[in-house]
Amino acid sequence: MPDFPNASSHFVPDGPALAPSPAAAMAAGATPAIVVSGLAKRVADASGELTILHEVDFTVQKAETLAIVGASGSGKSTLLGLLAGLDTPSAGKVVLDGVDIYALDEDGRAALRKEKLGFVFQSFQLLAHLTALENVMLPLELSGAFHARERAEEMLKRVGLGSRLKHYPKYLSGGEQQRVALARAFVTEPPLLFADEPTGSLDAATGESVIKLMFELNRQHGSTLVLVTHDQAMAARCGRTITIAAGRLV
Ligand SMILES: Nc1ncnc2c1ncn2[C@@H]1O[C@H](COP(=O)(O)OP(=O)(O)OP(=O)(O)O)[C@@H](O)[C@H]1O
Ligand SMILES: [Mg+2]
């Protein structure tokens, strides 16, 4: 049994999807969750210019689950950051729920991220001067949600950290920090959830609990999930997988 004492009672068994299936959403002509067109990223380097991401195009329907796989250094994190409005593209567009995010200014993108998006960074990016509980409360407080403390506590219990609420990140293990990062991304129940190697620091059983939690959010709230992973089993559970090699979709 993993360090997950309060988790199992919260997981619902697989049941009928409450959200419309991606196929149904497409048939109904719903606005896609994500439309990527001609998206590219180039950076300056010693030899001139390095292309990290060549023009990529794809669409993700609402409530779809998409895995992005590929070798280390292939451009997965770069692509995920661009999808979430955390970077700026050299060319192309990302349209989230009908909004062209790079046509917005930084404040506009920040507002959209706050309203619609959860992001789990590969490097967690917890705030060092806040406890686990305060890290998870932050997005709720920023959006003026009620019962921030109770909701944050509940989410931390769901990822098995009910006994680590007052710990600062530096006193948490890598896997515990990852679970705080996951709780912070999930706690607002965002319609769009991006996660970069969400189980990379977790043992198999704890990882499995986190995967269940992500898919539960997808089922219960119709959240669209985009996951970067090296874990073939997790990719196989997503509705679709795209593979990236040297900055190109293959
Ligand atoms: N700002 C930057 N300047 C220069 N090179 C960069 C920059 N950002 C990313 N890179 C390079 O682009 C490539 C893709 O990086 P990225 O982090 O997207 O890879 P990844 O597929 O997520 O890899 P991993 O599986 O190891 O996390 C890497 O070779 C990286 O060194
Ligand atoms: Mg990466």
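Rules used throughout
Residues numbered from 1 in each chain as written. Chains lettered and ligands numbered in written order. Predicted model: local features only at pLDDT ≥ 70, side-chain atom pairs only at ≥ 80, totals over all residues. Pairing = 2+ DSSP bridges. Helix = DSSP H or I, 4+ residues; strand = E, 2+ residues; numbered from the N terminus. Contact = placed C-beta atoms within 7 Å. Axes fitted to C-alpha atoms, helices over the stretch in contact; angles between N-to-C directions. Buried ≥ 20, exposed ≤ 12 C-beta atoms within 10 Å, placed from the backbone. Right-handed = clockwise from strand over helix to strand, strands pointing away.

Enquirer: How should the sheet that holds strand 7 (residues 192-196) be read in this particular structure?
Expert: Strand pairing in a sheet relies on backbone hydrogen bonds. The paired strands run either parallel or antiparallel. The strand order 6-7-8-3-9-10 describes an open sheet built from 6 strands, whose pairing is mixed. Each having just a single partner strand, strand 6 (117-120) and strand 10 (248-249) make up the two edges of the open sheet. Across the sheet, helix 2 (residues 76-83) is in contact with strand 3 (65-69), strand 7, strand 8 (224-228) and strand 9 (240-245); its angle to strand 8 comes to roughly 155 degrees. The strands touched by helix 7 (residues 204-221) within the sheet are strand 3, strand 7 and strand 8, with strand 7 carrying the most contacts at an inclination of about 165 degrees.

Enquirer: I would appreciate a short explanation of the sheet that holds strand 4 (residues 91-96) in the present structure.
Expert: Read from one edge to the other, the open sheet built from 4 strands follows the order 2-1-4-5, with strand pairing classed as antiparallel. Of all strands in the sheet, those with a lone pairing partner are strand 2 (48-60) and strand 5 (99-100), marking the two edges. By the bridge criterion, 5 bridges tie strand 1 (residues 34-45) to strand 4 in an arrangement that is antiparallel. Across the sheet, Ile-34 pairs through a bridge with Leu-96, a residue of strand 4. Helix 2 contacts strand 1, strand 2 and strand 4 of the sheet and is inclined by roughly 125 degrees relative to strand 1.

Enquirer: What should I look at first to understand unusual backbone geometry in this one?
Expert: Where the residue is not glycine, phi is negative for most of them; where a peptide bond is considered, it is trans in most cases. Phi angles above zero are rare outside glycine, and His-147 is one such case at about 55 degrees. Looking at the secondary structure, you find His-147 in the loop between helix 4 (132-142) and helix 5 (148-158). You can call His-147 exposed: it has 10 C-beta atoms within 10 Å. We note that Ala-246 has phi near 45 degrees; this positive angle belongs to a residue other than glycine. Locating Ala-246 in the fold gives a position in the loop between strand 9 and strand 10. Look at Ala-246 and you get partly exposed, because 14 C-beta atoms sit within 10 Å.

Enquirer: In this structure, what is going on with the pairing of strand 7? I would like to understand it.
Expert: On a regular strand, one side chain projects to one face of the sheet and the next to the other, so that they alternate. Of all 5 residues making up strand 7, 5 are buried, and the element is well covered by its neighbours. Sheet analysis places strand 7 next to strand 8, joined by 5 bridges and oriented parallel. Residue Leu-192 lies in a different strand from strand 8, and its bridge partner there is Thr-224. Note on the crossover from strand 7 through helix 7 to strand 8: the handedness is right-handed.

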